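# Remarks on the overall topology
Below, each chain spelled out in residue letters.
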Amino acid sequence: MPNMNEQHIAHLEAQLERLVESTFAHLFGKRIRAQDIALQLARAMEQSAVSDPRNDARALAPDHYMILMPTEMRQQLLQKQPALAQILSEHLVELAMNAGYRLNSHPLVEIIANDELKMGTITVVANHGKKKHSTTAVMQRVDVDTVPSAPLNPQLLIQGKPAIPVETDVVNIGRSRDNHIVIDDRAVSRYHLQIRLRFGRYTLFDTQSQSGTLVNNVKVKEHNLQTGDVIQIGNTRLVYMEDRPTSDGQTQINDPIEPE
């Protein structure tokens, strides 16, 4: 299982400093710093990562993070930076990608009041979202003649930038300005790859690019995308994410459901 190194933590810390350090300095002086949150998030991710039975090469990072702090601190912080939870969520995706972890779903970050903590103190707790399944028996696969549903909230994250929703059946990606997603990277081909909705899921196709396409460090020509997949083109990395179904009857066929 990979270990979180100081470079990964320092990168997250630098990002948080640019985004919210002025908020911390204004509200709390030296009592709390971006470094405190960055370090605790990274350690929580590392300590709660588990082996992924579907992917022996990469450990599975937790996708639920609770940041506990005193009520007054929470109120002041969210009043000054109401989007902080979303900002942290986006950067956790990049942190997991850089550290070689896999994510089952986009990380949920909650900033929770806890008055048992002293002012200027924070605690981070991470865990894995639980799948809904029967406690008495394994659910059986049932084949029905229905049109496969499209992925829920598919999106691409490109090295810390805001998430780009995948909203059409075909998405062209490359350096040329007439692509749906333009990558400003000289090592990327003008028309590098295409993501196409096929049989209810998005599939990546390398469109005869010069430098090739890697998914999770493996060179591919075609690949059925799963949430958490890391796509490398040229010097640019993208992460494919989608929400996992939670309502009854929507369990993915590829997901084995195990009894407790």
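Up top is the structure.
Reference entry: report on the structure contained in this document. (Residues numbered from 1 in each chain as written. Predicted model: local features only at pLDDT ≥ 70, side-chain atom pairs only at ≥ 80, totals over all residues. Heavy atoms only, no water.)

### Observations regarding the environment of Asn235
Rules: Going along the chain from the N terminus, every DSSP run of H or I of four or more residues is numbered as a helix, and every run of E of two or more is numbered as a strand. Remark: exposure states derive from per-residue accessible area (1.4 Å probe, protein chains only) relative to the maximum for the residue type, with buried under 20%, exposed over 50%, and partly exposed in between. Throughout, a contact is declared for two residues whenever any of their heavy atoms are within 4.5 Å.
Its place among the elements puts Asn235 in the loop between β15 (230–233) and β16 (236–243). Looking at Asn235, the relative accessible area reads 58%, which means it is exposed. For the pair formed by Asn235 and Asp184, sequence separation is 51 residues and the distance between their alpha carbons is 9.9 Å. If sequence neighbours within four positions are ignored, Asn235 has contacts with Gln159, Asp185 and Ala187.

### What about the packing of aromatic side chains?
Note the threshold: What counts as a ring pair is set by centres within 6.5 Å for rings of Phe, Tyr and Trp (its six-membered ring), and what kind of pair is set by the plane angle: stacked under 30 degrees, edge-to-face over 60, tilted for all other angles. In our convention, an over-ring charge means Lys NZ or Arg CZ found within 6 Å of a ring centre and within 35 degrees of that ring's normal.
In this structure the tally under the stated criterion is 0 aromatic pairs. Note that Arg196 overlies the ring of Phe205, its terminal NZ or CZ placed 4.3 Å from the centroid.

### What about the pairing of strand β10 (residues 193–198)?
Keep this limit in mind: Strand pairing follows a simple DSSP-based rule, namely that at least 2 bridges must link the two strands.
Sheet topology places strand β8 (residues 170–174) next to β10; 4 bridges connect them, and they run antiparallel. Directly across from Asn172, in β10, lies its bridge partner Gln194. As defined by bridge partners, β10 adjoins strand β11 (residues 201–206) across 6 bridges and the pair is classed as antiparallel. Paired with Arg198 across the two strands is Arg201, which belongs to β11. Connecting the antiparallel pair β10 and β11 is a turn made up of 2 residues, with Phe199 showing a positive phi of about 55°.

### So, helix α4 (residues 84–99)
Stated formally: Expected helix span is taken as 1.5 Å per residue step, with the number of steps being one fewer than the number of residues.
For α4, which comprises 16 residues, the first-to-last C-alpha distance of 22 Å matches the rise-based estimate of 22 Å (1.5 Å per residue) to within 8%. Of the residues one or two after α4, Gly100 is the one with positive phi, at around 85°.

### Topic: unusual backbone geometry
The phi angle at Asn216 is positive, at roughly 55°, despite the residue not being glycine. As for its position among the elements, Asn216 is in the loop between β12 (213–215) and β13 (218–220). At Asn217, a position not held by glycine, the phi torsion is positive, near 70°.

### Observations concerning the environment of Asn179
In plain terms, the rule: N or O atoms within 3.5 Å of each other form a polar contact, as long as, within protein, one can give a hydrogen and the other can take it, and as long as residues adjacent in sequence are counted only when both atoms are side-chain atoms.
As for its placement among the helices and strands, Asn179 is situated in the loop between β8 and β9 (181–182). Along the chain, Asn179 and His192 lie 13 residues apart, while their C-alpha atoms are 9.5 Å from each other. Excluding residues within four positions of it along the chain, Asn179 makes contact with Asn172, Ile173, Gly174, Arg190 and Tyr191. Within polar-contact distance, the side chain of Asn179 engages the backbone oxygen of Ser176 at 2.9 Å. Looking at Asn179, its side chain comes within polar contact range of the main-chain oxygen of Arg190, at 2.9 Å.

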